[in-house]
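# Fold and contact review
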Amino acid sequence: MSTIAPTENTPLRIGPHTVQPPVVLAPMAGITNAPFRTLCREFSGGKGLFVSEMITTRALVERNEKTMQLIHFDESETPRSIQLYGVDPATVGKAVRMIAEEDLADHIDLNFGCPVPKVTRKGGGSALPYKRPLLRAILREAVSGAGDLPVTMKMRKGIDDDHMTYLDAGRIAVEEGVTSIALHGRTAAQHYGGTADWDAIARLKEHVPEIPVLGNGDIWSASDALRMVASTGCDGVVVGRGCLGRPWLFADLVAAFEGRGEARAGGTDGCSARPSLREVADVMVRHATLLGEWIGDESRGVIDFRKHVAWYLKGFAVGSEMRKRLAITSSLAELRSGLDELDLDQPWPTGADGPRGRTSGNNRVVLPDGWLKDPYDCGAGVGEDAELDTSGG
């Protein structure tokens with residue numbers, strides 16, 4: 001089987017930080033907390049960039065208890081990377097200055113890609129870049145307040161095929177001093193359905209050659225990541241749903257970019273890390289253990305882990321009753337006992353490296369009344385209710 005050679009490229013620079021290989025863990029609400037970042041980082045050998053789940057600027061400024069826990073980083077995490085979501089320039093500025101002045105992180109990423117209706121209907125998330133002046137004001141406040149901290153942004157192509165925003169947003173980002181841009185090659189209307197448009201990533205790279213562009217979307221394997229860089233010219237990759245229940249994907253990604261391992265051509269078959277069910281079970285227990293230690297309560301940690309069970313077990317021969325049982329466990333002993341009843345000698349299943357997580361599309365983007373009439377008319381701006389009062393989703 002043919003092998004994809006690692007792409008020769010300069011190291012990815014995020015302000016003063018070198019990210020080599022150029023692999024970034026995408027912020028995912030309720031997923032990329034400190035325990036999951038720890039797992040991914042361990043498999044990567046400490047290489048790459050691992051971003052926190054989304055932090056709401058209003059909740060941060062108000063020092064919401066849940067939010068303050070979410071911004072806690074393990075001592076081994078470097079650089080410490082926070083993703084912020086905000087819709088009000090002044091509040092974003094306050095949050096960024098708080099991070100800089102209190103040394104809460106080393107890198108700030110801004111989220112303009114959320115397609116969730118409860119966010120877009122108020123003009124937030126992936127709807128916001130359509131209002132060019134508002135986007136510019138938020139970026140200006142963020143960069144100004146960050147001081148020496150690098151500010152990056154993540155976005156989608158646009159609202160739908162008739163209302164693309166990514167090229168204008170990219171140019172605004174360059175003009176306002178953003179350090180790099182990550183583009184998810186889908187519109188808000190697509191949600192997570194269809195196929196990511198890697199050509200859009202290439203167009204953005206050509207449009208803003210001044211700063212690094214990272215590609216996001218449909219990276220299910222190490223060979224997918226290499227193909228994206230080779231076909232688009234992007235400076236790095238952002239991996240989200242592909243690592244759900246597969247934190248060891250980062251070992252594959254590092255090996256592929258460094259020219260090691262057996263990352264192979266052929267899309268989802270490009271995975272050399274193929275653990276047995278026994279090895280997967282051990283990672284599951286460790287993940288649940290880390291969650292319990294992080295939350296400060298074993299039972300709550302195992303309950304929080306439940307959402308990961310189906311992703312870890314995808315493709316393995318596990319009966320429906322056992323899957324249900326494992327998905328309602330509330331102690332580490334119960335989780336371990338259930339896993340030990342399985343045929344743990346099962347090899348990695350064929351086809352288990354493919355798409356996972358949300359895949360459904362949604363062709364209607366809910367927006368404020370009159371939102372699309374004029375991209376330069378922000379009216380009274382976006383209301384506070386466009387910003388969640390807590391973080392993480």
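Residues numbered from 1 in each chain as written. Predicted model: local features only at pLDDT ≥ 70, side-chain atom pairs only at ≥ 80, totals over all residues. Heavy atoms only, no water.

## Some thoughts on the pairing of strand β6 (residues 107-112)
Each regular strand displays side chains that alternate between the two surfaces of the sheet. Of all the six residues making up β6, six are buried; the element is thus mostly covered by neighbouring parts of the structure. With burial as the criterion, each face of β6 is covered, one bearing His107, Asp109 and Asn111 and the other bearing Ile108, Leu110 and Phe112. In this structure, strand β5 (residues 81-85) lies alongside β6, joined through four bridges in parallel fashion. Within β6, the position partnered with glutamine 83 by the bridge is aspartate 109. Running through helix α4 (residues 89-101), the crossover from β5 to the neighbouring parallel element β6 is right-handed. Two strands pair when backbone bridges link them, and β6 and strand β7 (residues 151-156) are joined in this way by five bridges, in the parallel orientation. Bridge pairing links leucine 110 to methionine 153 in β7. (Buried < 20%, exposed > 50% of the residue type's maximum accessible area, 1.4 Å probe, protein only. Helix = DSSP H or I, 4+ residues; strand = E, 2+ residues; numbered from the N terminus. Pairing = 2+ DSSP bridges. Right-handed = clockwise from strand over helix to strand, strands pointing away.)

## A few points about the environment of glycine 86
By the secondary structure assignment, glycine 86 is in the loop between β5 and α4. For the pair glycine 86 and phenylalanine 112, spaced 26 residues apart in the sequence, the C-alpha separation amounts to 8.7 Å.

## Examining the packing of helix α1 (residues 34-44) against helix α10 (residues 249-257)
Between α1 and α10, the shortest axis-to-axis distance is 7 Å and the interhelical angle comes to 35 degrees. Between α1 and α10 lies a crossing whose hand is right-handed. Packed against α1, whose contacting residues are Cys40, Phe43 and Ser44, the element α10 presents Phe250, Ala251 and Val254 at the interface. For the contact of α1 with α10, the residue count by class is five nonpolar, one polar and no charged. (Axes fitted to C-alpha atoms, helices over the stretch in contact; angles between N-to-C directions. Left-handed = near helix turned anticlockwise from the far one by under 90°. Contact = heavy atoms within 4.5 Å. Nonpolar A, V, L, I, M, F, W, Y, C, P; charged D, E, K, R; others polar.)

## A word on the pairing of β5
The buried fraction of β5 is high, at five of five residues. Burial along β5 is two-sided: the face carrying Ser81, Gln83 and Tyr85 and the face carrying Ile82 and Leu84 are both buried. Taken together, the four bridges between strand β4 (residues 49-56) and β5 define a ladder with parallel strand orientation. Bridge pairing links isoleucine 55 to leucine 84 in β5.

## A few points about the nonpolar core
Ranked by internal contacts, the top residues of the largest apolar core, which has 101 residues, are Leu84, Leu110 and Met153. The biggest single contributor to this core is helix α11 (residues 277-295), with 11 residues. When neighbours within four sequence positions are excluded, leucine 110 is seen to be in contact with Gln83, Leu84, Val92, Leu139, Ala142, Val151, Thr152, Met153 and Lys154. Residues Val24, Leu49, Ala182 and Val238 belong to the second largest nonpolar core, which totals 10 residues. (Core = buried A, V, L, I, M, F, W, Y, C linked by side-chain atoms within 4.5 Å.)

## Remarks on the sheet that holds β5
To summarise the sheet geometry, strands pair through backbone hydrogen bonds and adopt either a parallel or an antiparallel arrangement. What the eight strands build is a closed barrel, ordered β3-β4-β5-β6-β7-β10-β11-β12; its pairing is parallel. Strand-to-strand, the axes of this sheet are offset by a mean angle of 25 degrees, without reference to chain direction. Where α4 meets the sheet, it contacts β5 and β6, and its direction lies at approximately 165 degrees from that of β5.

## Quick look at the packing of helix α6 (residues 132-146) against helix α7 (residues 166-175)
Helices that pack against each other are described as a pair by the angle of their axes relative to one another and the distance between those axes. At a minimum axis distance of 10 Å, the contact between α6 and α7 shows a crossing angle of 30 degrees. With respect to their mutual orientation, α6 and α7 come out roughly parallel. Between α6 and α7 lies a crossing whose hand is right-handed. Residues Arg132, Leu135, Arg136 and Leu139 of α6 pack against Asp168, Ala169, Ile172, Ala173 and Glu175 of α7. Of the residues contributing to the contact of α6 with α7, the split by class is five nonpolar, no polar and four charged. (Parallel < 35°, antiparallel > 145°, perpendicular 65-115°, else oblique.)

## Observations concerning the packing of aromatic side chains
Note on aromatic pairs: each is described by the distance of the centres and the angle between the planes. A full pass over the atoms with the stated rule returns six aromatic pairs. Judged by centre distance (5.8 Å) and plane angle (35 degrees), the ring pair of phenylalanine 305 and tyrosine 312 falls under tilted. For the residue pair phenylalanine 305 and tyrosine 312, the accessibility class agrees, reading buried in each case. The ring of tryptophan 371 carries lysine 131 above its face, with NZ or CZ at 4.9 Å from the centroid. Sitting over the face of the ring of tyrosine 192, arginine 156 holds its NZ or CZ atom 5.0 Å from the ring centroid. (Phe/Tyr/Trp six-rings, centres within 6.5 Å; stacked < 30°, edge-to-face > 60°. Lys NZ or Arg CZ within 6 Å of the ring centre and 35° of its normal.)

## Description of the state of the cysteines
For the coordinates displayed, the defined rule picks out zero disulfides. The closest cysteine sulfur to the non-disulfide-bonded cysteine 243 is located on cysteine 40, 4.8 Å from its own sulfur. We classify cysteine 243 as buried; its relative accessible area is 0%. (Disulfide = S-S within 2.5 Å.)

## Some points on α1
For α1, the buried fraction is high: nine of the 11 residues fall into the buried class. Turning to α1, its buried residues are Ala34, Pro35, Phe36, Arg37, Thr38, Leu39, Cys40, Arg41 and Ser44. In this structure, the buried side of α1 is in contact with β3 (23-25), β4, α10, α11 and α13 (309-312). A positive phi of about 75 degrees marks glycine 45, the residue just after α1.

## What to know about the pattern of salt bridges
Scanning all chains against the criterion turns up 28 salt bridges. Two residues, arginine 80 and aspartate 106, come together in a salt bridge whose shortest N-O distance is 2.9 Å. Here aspartate 106 lies in the loop between α4 and β6 and arginine 80 lies in the loop between α3 (65-70) and β5, a separation of 26 residues in the sequence. Each member of the pair, arginine 80 as well as aspartate 106, is classed as buried. Here glutamate 341 ties to arginine 325 by a salt bridge, and the two come within 2.7 Å at their closest N and O atoms. With glutamate 341 in the segment after α15 (332-340) and arginine 325 in helix α14 (residues 320-326), the pair connects residues that are 16 residues apart, well separated along the chain. Taken together, the salt bridges that share partners define one network made up of Arg37, Arg41, Asp74 and Glu77. (Salt bridge = Lys/Arg side-chain N within 4 Å of Asp/Glu carboxyl O.)

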